[in-house]
Amino acid sequence: MDKNQLGDTGILVSKIGLGTVKFGRNQGVKYPRGFDLPDEGALAELLSAAKDLGINTLDTAPSYGLSEERLGRLLLGQRDDWVIVGKVGEEFNDGVSRYDFTPEHFEMNVTRSLARLQSDYIDVLLVHCDDHDAQNLSDDVIAKMMEFKDRGIVRAIGASTKSVEGGLRALAHMDVAMVAYNPDYRDEEAVIDYATEHNKGVILKKVLSSGHSRNPAAALKFALSRDGVDSVIVGTLSPAHLRANVSAV
């Protein structure tokens, strides 16, 4: 699979990245069917299939339950083969999300994520915004994200946003925006346009409408044909589904 440079970061990301919510969390998710968490043998097979397909990008977060810890064990000895997209700002405990957008929480969050991932760096760190994304990205928050880069523990910074206002603020001050985009939802196209004009990175989420897309192949082609899109995150536990998604593009 071809890889794209993520904006001007110098980081090469596969056109399709693997989302890892299902690696560690099956509560409070919006997928059409429930599922049991897989054992780590099955996850190792999935990651091997992903690598064979040319996928190098993995999306995780503290709010994805056991995802970070499991990735830490599964990627031992091969960390540099992967681009890890991590998050700060959201926790998920006892079935409820909680947000904390303070520099102090971010420091704790990143220290814990590095330990869980058994890594001394995170490739792309995103603020995991709530519905008030532009307000989440305060000057203090942006300064803390820049500090992580200066310390060398994060290679690129940005935000997973929910509005044009939030996405534009993220790209005005940082490297990457993760935005929702699919044939039925194009509200954040202005963020992709801005990224194209300013050589910023764009990662797409919800391209398959959290598993509700009726035509996944068409949705993937739609997303990746859009100028300015560097990578599309797709979550699955099935190597066969992963191969089908890659074949579609």
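Figured I'd write up the structure that's included with this text. Quantities reported herein were computed from a predicted structural model and do not represent experimental measurements.

**What about the packing of helix α3 (residues 67–74) against helix α4 (residues 103–117)?**
In the contact formed by α3 and α4, the axes pass within 7 Å of each other and the chain directions differ by 40°. The angle between the axes of α3 and α4 places the two elements in the oblique class. Of α4, the residues touching α3 (which contributes Glu68, Glu69, Leu71 and Gly72) are Ser113, Arg116 and Leu117. Each residue belonging to the contact of α3 with α4 can be placed in one class, and the counts come to two nonpolar, two polar and three charged.

**With respect to the pattern of salt bridges**
Two side chains with opposite charge may pair up if their charged atoms get near one another. One pass over the structure, following the stated rule, counts 18 salt bridges. Residue Glu107 pairs with Arg151 through a salt bridge whose shortest N-O separation is 2.9 Å. Remark: Arg151 occurs in the loop between α6 (139–150) and β9 (154–160) and Glu107 occurs in helix α4; sequence separation between them is 44 residues. Judged by relative accessible area, Glu107 falls into the partly exposed class, the value being 24%. Relative accessible area serves as the criterion here: at 42%, Arg151 is assigned to the partly exposed category.

**Quick word on the environment of Leu43**
Relative to the elements of secondary structure, Leu43 occurs in helix α2 (residues 40–52). On the basis of relative accessibility, which here comes to 1%, the residue Leu43 falls in the buried class. Note: C-alpha distance between Leu43 and Phe23 (20 residues apart in sequence) is 7.4 Å. Sequence-distant contacts of Leu43, that is, excluding residues within four places in its chain, are made with Phe23, Pro38, Arg70, Leu74 and Leu237.

**Topic: the nonpolar core**
Counting residues in each nonpolar core, the largest one holds 55 residues, and the members touching the most others are Leu47, Val127, Leu137, Met145 and Leu204. Counting residues in hydrophobic clusters, the runner-up holds twelve residues, among them Ile11, Leu126, Ala156 and Ile233.

**What about the packing of α2 against helix α10 (residues 239–248)?**
The contact between α2 and α10 brings their axes to 9 Å, and the two run at 20°. It follows that α2 is roughly parallel to α10 by the angle criterion. Crossing handedness for the pair α2 and α10: right-handed. Across the interface between the two elements, Leu46, Ala49 and Ala50 from α2 touch Pro239, Leu242 and Arg243 from α10.

**Brief notes about the pairing of β9**
With six of seven residues buried, β9 lies mostly within the body of the structure. Across six bridges, strand β8 (residues 122–128) lies against β9 in parallel orientation. Paired with Leu126 across the strands is Gly158, a residue of β9. Traced from β9 through helix α7 (residues 164–173) to strand β10 (residues 176–180), the parallel crossover comes out right-handed.

Cut-offs used in this document
- Residues numbered from 1 in each chain as written.
- Predicted model: local features only at pLDDT ≥ 70, side-chain atom pairs only at ≥ 80, totals over all residues.
- Heavy atoms only, no water.
- Axes fitted to C-alpha atoms, helices over the stretch in contact; angles between N-to-C directions.
- Helix = DSSP H or I, 4+ residues; strand = E, 2+ residues; numbered from the N terminus.
- Parallel < 35°, antiparallel > 145°, perpendicular 65-115°, else oblique.
- Contact = heavy atoms within 4.5 Å.
- Nonpolar A, V, L, I, M, F, W, Y, C, P; charged D, E, K, R; others polar.
- Salt bridge = Lys/Arg side-chain N within 4 Å of Asp/Glu carboxyl O.
- Buried < 20%, exposed > 50% of the residue type's maximum accessible area, 1.4 Å probe, protein only.
- Core = buried A, V, L, I, M, F, W, Y, C linked by side-chain atoms within 4.5 Å.
- Left-handed = near helix turned anticlockwise from the far one by under 90°.
- Pairing = 2+ DSSP bridges.
- Right-handed = clockwise from strand over helix to strand, strands pointing away.

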